[in-house]
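Fold and contact review
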Amino acid sequence: MGMIEIIREIKRLPMDKRLRIVEQTLKSIRETENKNQLRRAAIALYGDYATDKELTSLTSLDFEDFYETR
């Protein structure tokens, strides 16, 4: 089904369903863009984390047991 057919079918729907389609489409676009931004940021910073020990110094505690004090 092509874009023209999809639009034609959407036009046949009641207004509330058409609005729901628009909302869900925008939500999907935002989520995809956010994931892409995070991926680009991770790629851009990977070199820093791979070579700068100050950025990863606390990872030595990753496998330590943690006990909450009250």
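Preceding block: the structure.
Residues numbered from 1 in each chain as written. Predicted model: local features only at pLDDT ≥ 70, side-chain atom pairs only at ≥ 80, totals over all residues. Heavy atoms only, no water.

When helices and strands are counted, the protein chain shows 2 helices and 0 strands. Radius of gyration (C-alpha) of the protein chain: 23 Å, far over the 11 Å computed for a compact globule of 70 residues. The C-alpha extent of the protein chain, read off along each of the three principal axes, is 60 × 40 × 15 Å. A total of 70 residues make up the protein chain; the buried ones form 0% of that total. In the structure as shown, the protein chain presents an accessible area of about 7,100 Å², 58% of it carried by carbon and sulfur atoms. Positive and negative side-chain charges in the protein chain, numbering 13 and 13 respectively, have mean positions lying 15 Å apart. (Helix = DSSP H or I, 4+ residues; strand = E, 2+ residues; numbered from the N terminus. Rg over C-alpha atoms; globule rule 2.2 N^0.38 Å. Buried < 20%, exposed > 50% of the residue type's maximum accessible area, 1.4 Å probe, protein only. Areas by Shrake-Rupley, 256 points an atom, 1.4 Å probe, with all protein chains shown as cover. Lys, Arg positive; Asp, Glu negative; His and termini not counted. Charge placed at Lys NZ, Arg CZ, Asp CG, Glu CD.)

We now examine the environment of I10. Assignment of secondary structure puts I10 in helix α1 (residues 3–11). Given the relative accessible area of 25%, I10 is considered partly exposed. Measuring from C-alpha to C-alpha, the distance between I10 and V22 comes to 10.0 Å, with 12 residues separating the pair along the chain. Other than its neighbours up to four places away in sequence, I10 contacts R18 and I21. (Contact = heavy atoms within 4.5 Å.)

Moving on, we come to the pattern of salt bridges. For the structure on display, the rule yields 3 salt bridges. Note that E23 and R20 form a salt bridge whose closest N and O atoms lie 4.0 Å from each other. One end of the pair is E23 and the other is R20, both in helix α2 (residues 15–51) and 3 residues apart, which spans about a single turn. Under the relative-accessibility criterion, E23 is labelled partly exposed at 47%. (Salt bridge = Lys/Arg side-chain N within 4 Å of Asp/Glu carboxyl O.)

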